[in-house]
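Remarks on the overall topology
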Amino acid sequence: MTTVVLAGLTACSAGGGTVPAADAKPVNGGRLVYATDGEPDCWDPHTSAQDVTAFVQRPVFDSLVYQTPDGKLEPWLAKSWRIGANGTSYTFTLRDDVTFHDGSKLDAAAVKANFDHITDKKTQSQYAAGLLGPYAGATVKSPTEIEVRFSRPYAPFLQAASTTYLGIAAPTSLRSGADKLCAGTASVGSGPFRAGAYTRGQQRVYTKNSAYAWAPAGAGHAGPARLDSVTLRFIAEDTTRIGALTSGQVDAAGAVPPQQVRTVERDARLTLTRKAVPGAVDAFYLNTRGALFSDLRVRRAFQLAVDLDAVVRSVFQGTATRAWSVLSPTTPDSYDASLERSRPYDPAQAARLLDEAGWTGRNDEGYRTKDGRVLTVVAPVYGKPSLFSQAVQGELKKAGIKLDLAASTDAAEVSGRLDSGRYDVVETSWARADGDILSHFFLSTETSASGGHNFARVADPQVDRWLKEAQSTPDGKRRAALYAKVQGWTLDRAVAVPAYVEQSTVAVNKRVHGLRQSVSAWPEFYGAWVGTR
């Protein structure tokens, strides 16, 4: 989850690939320091739903499958797999040369222990269990063969198995207990880096796993990592983070804010790269079962009342783009480009719809009223409202709609609001390099109370059929066509209002090479190295 508004690279292409200098020769050794703006609340990817957890734990945990930066799937811890005739089972043949950081060997029993941990109610998985979809269990066939079963065909599983959330941990670490796993003190995987010293609120150190010899073919490197260590520094304040980069305290920094882009671009020592994050874009999900947005006319008015082109341009200054679908254009084989420009800003039509819905009065502040009630849209916010949310608030006021950004630092309070449906709109985004992310938001069974993300609280039988058929078919073109139907439906029924496509913006010192962006737009440290310039 990227946000809940409730709140080396010598040169790099827009797609996130790296182009090293012609005379650049890889160097082994050295360290890289990377400044990031976020730190996980919980470090256990089996429990946490935060995408920052997936990022910070990727160096530690390998997965059965690898997804290349351009979206292709290939073997990793699994040498191969075969899909059952009816699509309800996947049998993986595992590598026999993989060892965890504690010295134990990877085998089928270890993989089963991980799936058991994810699906155990005590784990309280907020996302990984959902990625397993209609999971029905796993059977160890031999030390190197495991069968994973589903109650119905489930085509998205291979991509799900490539994520850090389904990363494979040493079974001994899983027995450490939820407290240690979430605290980040029991992270033991088989990745190219070991989890090292950690100081909450400051930094985490990762040290080279010298035994590493099982990288996927598409990783861009083989054998142990080139770097001796990677240090992640957690610097939430934008100016401080970029200052650490320009002063040489760190080698690279993520989440470059719009107001700092020119500073980075003017610095001859730095390179700025951007990659659009795949998955569910930042969007407003309208509670269709609430008193306000159960009225389609009011939902459509909300959809048309904000000049999103202007707001995105003003707030992000080129570091994000206007979204036209709930899916990002970089989501592999899923995005429906025909929706672009299909729902332009139309304040006059928004006004007519609100009039038709009976919101014809005005109070002293200019907000619309009906039967003495002010047209108020309640949006739970965890933490502080973003500049973007506040800008949207101002736009809605022009239409007579009061956006109440109900901010709270109490996570339990915000979760309680979501689970009980005590809100009108939720603004959020969710990174995933597969169109099946739509199922997490629009399947009727994916309620907040059950750990899902159906914040629009929709329960449409046709949408359920489309999504389940997409999960059932291995035909990529058919899946894309079904995802297009869902994307179009969300706009036609105004159950969600796409806002912007987040760009992962990373600034890197030019002495850093090979630091490419993954399919999810996070930096991959495995193949990186540091030179003299």
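Report on the accompanying structure. A quick note: this is a predicted structure, and the numbers were derived from the prediction, not measured. (Residues numbered from 1 in each chain as written. Predicted model: local features only at pLDDT ≥ 70, side-chain atom pairs only at ≥ 80, totals over all residues. Heavy atoms only, no water.)

Turning our attention to the environment of lysine 477. Relative to the assigned elements, lysine 477 resides in helix H16 (residues 476-492). Using a relative accessible area of 73% as the deciding quantity, one classes lysine 477 as exposed. C-alpha separation for the pair lysine 477 and aspartate 179, spaced 298 residues apart in sequence, amounts to 43 Å. (Helix = DSSP H or I, 4+ residues; strand = E, 2+ residues; numbered from the N terminus. Buried < 20%, exposed > 50% of the residue type's maximum accessible area, 1.4 Å probe, protein only.)

Enumeration over the complete set of coordinates arrives at one disulfide. At a sulfur-sulfur separation of 1.9 Å, the disulfide partner of cysteine 42 is cysteine 182. What sets the handedness of the cysteine 42 and cysteine 182 disulfide is the S-S torsion sign, and at about -85 degrees it is left-handed. Taken together, the positions of cysteine 42 in the loop between strand E2 (31-36) and helix H1 (51-57) and cysteine 182 in helix H6 (residues 178-183) put the pair 140 residues apart, joining distant regions of the chain. Given the relative accessible area of 8%, cysteine 42 is considered buried. Classification of cysteine 182 as partly exposed rests on a relative accessible area of 24%. (Disulfide = S-S within 2.5 Å.)

All told, the structure shown has 21 salt bridges when counted by the stated rule. In this structure, aspartate 116 engages lysine 112 in a salt bridge whose closest nitrogen and oxygen atoms are separated by 2.9 Å. Of this pair, aspartate 116 and lysine 112 both sit in helix H2 (residues 108-119), four residues apart, which is roughly one turn of the helix. Overall, aspartate 116 belongs to the partly exposed group, its relative accessible area being 35%. For lysine 112, a relative accessible area of 26% puts it in the partly exposed group. By sharing partners, the salt bridges in this structure join Asp309, Arg322 and Arg341 into a single network. (Salt bridge = Lys/Arg side-chain N within 4 Å of Asp/Glu carboxyl O.)

Now for the sheet that holds strand E17 (residues 368-370). Pairing in this open sheet of three strands is antiparallel, and the strands run E16-E17-E18 from one edge to the other. Both edges of this open sheet fall to strand E16 (361-362) and strand E18 (373-374), since each of them pairs with a single strand only. Two elements, E17 and E18, share two bridges in a ladder whose sense is antiparallel. Note that in E18 the partner of threonine 369 across the bridge is valine 374. (Pairing = 2+ DSSP bridges.)

Attention now moves to the environment of lysine 402. The topology assignment puts lysine 402 in strand E20 (residues 402-408). For lysine 402, a relative accessible area of 33% corresponds to the partly exposed category. Along the sequence, lysine 402 and alanine 528 sit 126 residues apart, while their C-alpha atoms lie 48 Å from each other. Sequence-distant contacts of lysine 402, defined by excluding residues within four places in its chain, comprise Tyr367, Val374, Leu375, Thr376 and Val377. (Contact = heavy atoms within 4.5 Å.)

What follows is about the pairing of strand E10 (residues 203-208). Both strand E9 (residues 193-199) and E10 contribute to a ladder of five bridges, which runs antiparallel. In the sheet register, tyrosine 198 faces E10, and the bridge partner there is arginine 204. A loop of three residues connects E9 with E10, the two strands running antiparallel in sequence, and glycine 201 in this loop sits at a positive phi of about 80 degrees. With five bridges joining them, E10 and strand E11 (residues 229-234) adopt antiparallel strand pairing.

Despite not being glycine, aspartate 333 has its phi angle at roughly 55 degrees, a positive value. Positionally, aspartate 333 belongs in the loop between strand E15 (320-322) and helix H11 (347-356).

Here aspartate 295 lies in the loop between strand E14 (279-286) and helix H9 (296-304). Here aspartate 295 falls in the buried class, since its relative accessible area comes to 18%. Looking at aspartate 295, its side chain comes within polar contact range of the main-chain nitrogen of arginine 297, at 2.9 Å. (Polar contact = N/O pair within 3.5 Å; in protein donor to acceptor, adjacent residues only side chain to side chain.)

None of the figures reported here should be taken as evidence of function without further support.
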